Amino acid sequence: MALLYPTLYRRRITDVTVEDIRRLGAACILLDVDNTLTVHDAPELDPAVKAWLEEMSVAGFGLVIVSNNKPERVAPFAKKIGLPFHALSHKPMPTGFRAAATQMGNTSSACVAIGDQIFTDILGANLAGMSSILLEPISTDGEPPFIVFKRRVERWLLNTCHQKRRRESDYAK
Ligand SMILES: [Mg+2]
């Protein structure tokens, strides 16, 4: 079960602070796209998220996109925000995360993965031996049926007594 839980909970990516990343001992941030940086399949980036990316970059953290979505979706988005990317990364397989860490010149243990799904982002990060931050999805409207099903199981896992307490305590920090 420990493989299914994140190191830290935050609601939105903009709630993640430079201090959070430093406390996790990470030098590099691996970013999910859909429902983490922007809503599913949306081409635009919220100005607040853009400012957040800038802040993390100025703080000296490496930034790389690791997405399960297709290159046609991920490449134009990554190009627009000027970040390297891995598409079709087959999360929760740890290979995409490990390849991204190596590309950025870091070991897995010096990376933190940020995403909105337990069964891809968090499980994959744990299998790769990196820290992880689970966000709430920006919007679940129009998600494909497979993701809708996973969300149901996620909600059950997240509402177990212990994790609910942890989440609420993390959100309050
Ligand atoms: Mg996602």
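As a starting point, this report considers the structure included with it. All of these numbers come straight from a predicted model, not from anything done at the bench. (Residues numbered from 1 in each chain as written. Predicted model: local features only at pLDDT ≥ 70, side-chain atom pairs only at ≥ 80, totals over all residues. Heavy atoms only, no water.)

Another aspect to go through is the overall build of the protein. The helix and strand tally for the protein stands at seven helices and six strands. Of the regular secondary structure in the protein, the N- to C-terminal order runs β-α-β-α-β-α-β-α-β-α-β-α-α. Relative to its length of 173 residues, the protein is compact, with a C-alpha radius of gyration of 15 Å against a globular reference of 16 Å. If you line up the protein on its principal axes, its C-alpha atoms span 40 × 35 × 30 Å. Here the protein, with 173 residues, has 49% of them falling under the buried criterion. Per element, the accessible surface of the protein, about 8,300 Å² overall, is 59% carbon and sulfur. (Helix = DSSP H or I, 4+ residues; strand = E, 2+ residues; numbered from the N terminus. Rg over C-alpha atoms; globule rule 2.2 N^0.38 Å. Buried < 20%, exposed > 50% of the residue type's maximum accessible area, 1.4 Å probe, protein only. Areas by Shrake-Rupley, 256 points an atom, 1.4 Å probe, with all protein chains shown as cover.)

For an α-helix, 3.6 residues make a turn, and residues three or four places apart therefore share a direction. Among all positions in helix H4 (residues 95–103), only Gly96, Phe97, Ala100 and Ala101 are buried. The arc enclosing the buried residues of H4, seen along the axis, measures out at 135°, which places them on a common side. In H4, those exposed residues whose orientation departs by more than 90 degrees from the buried face are Thr95 and Thr102. Buried residues belonging to H4 abut strand E2 (28–31), strand E3 (62–66), strand E4 (85–86), strand E5 (111–115) and helix H5 (118–128). Following H4 by one or two positions, Gly105 has its phi on the positive side, about 75°. (Arc of directions from axis to C-beta. Contact = heavy atoms within 4.5 Å.)

Further remarks concern the packing of H5 against helix H6 (residues 145–158). Their axes nearest at 11 Å, the elements H5 and H6 cross at an angle of 55°. Our classification of the angle between H5 and H6 gives oblique. The segment H5 lies against H6, with Ile118, Phe119 and Thr120 engaging Lys150, Val153, Glu154, Leu157 and Leu158. Here the residues of the contact of H5 with H6 are counted per class, giving five nonpolar, one polar and two charged. (Axes fitted to C-alpha atoms, helices over the stretch in contact; angles between N-to-C directions. Parallel < 35°, antiparallel > 145°, perpendicular 65-115°, else oblique. Nonpolar A, V, L, I, M, F, W, Y, C, P; charged D, E, K, R; others polar.)

Another aspect to go through is the coordination of the magnesium ion. Here the magnesium ion is held by Asp32 (OD), Asp34 (O) and Asp116 (OD), and the distances to it run 2.1 to 2.2 Å. Judged by its relative accessible area of 2%, Asp116 is buried. (Donors = N, O, S within 2.8 Å, 3.2 Å for Na, K, Ca; no water.)

As a further point, take the state of the cysteines. Applying the stated rule across the entire model yields zero disulfides. Cys111 takes part in no disulfide bond, and the closest cysteine sulfur, belonging to Cys28, lies 4.2 Å away. (Disulfide = S-S within 2.5 Å.)

A separate point is the sheet that holds strand E6 (residues 131–134). Within the open sheet, the six strands sit side by side as E1-E6-E5-E2-E3-E4. Their pairing is parallel. Only two strands of the sheet have a single partner each, and these edge strands are strand E1 (8–9) and E4. Across four bridges, the pairing between E5 and E6 is parallel. Residue pairing in the sheet places Ile114 in a bridge with Ile133 of E6. Across the sheet, helix H3 (residues 71–81) touches E3 and E4, and the angle it forms with E3 is around 160°. (Pairing = 2+ DSSP bridges.)

Let us now look at the nonpolar core. Counting residues in hydrophobic clusters, the biggest one holds 27 residues, and the most contacted among them are Ile29, Leu31, Leu37 and Ile65. In this view, Leu31 contacts Ile13, Leu37, Trp52, Leu53, Leu63, Val64, Ile65, Val66, Leu83 and Ile114; residues no more than four positions away in its chain are not counted. Judged by nonpolar contacts, the second largest core, of 12 residues, contains Cys28, Leu30, Phe97 and Cys111. (Core = buried A, V, L, I, M, F, W, Y, C linked by side-chain atoms within 4.5 Å.)

With burial as the criterion, each face of E2 is covered, one bearing Cys28 and Leu30 and the other bearing Ile29 and Leu31. Across four bridges, the pairing between E2 and E3 is parallel. Looking across to E3, one finds that Ile29 is bridged to Leu63. Bridge count between E2 and E5: four bridges; the pairing is parallel. Along E5, the bridge assignment pairs Ile29 with Val112.

Interpretation note: all reported values are geometric properties and have no functional meaning in isolation.
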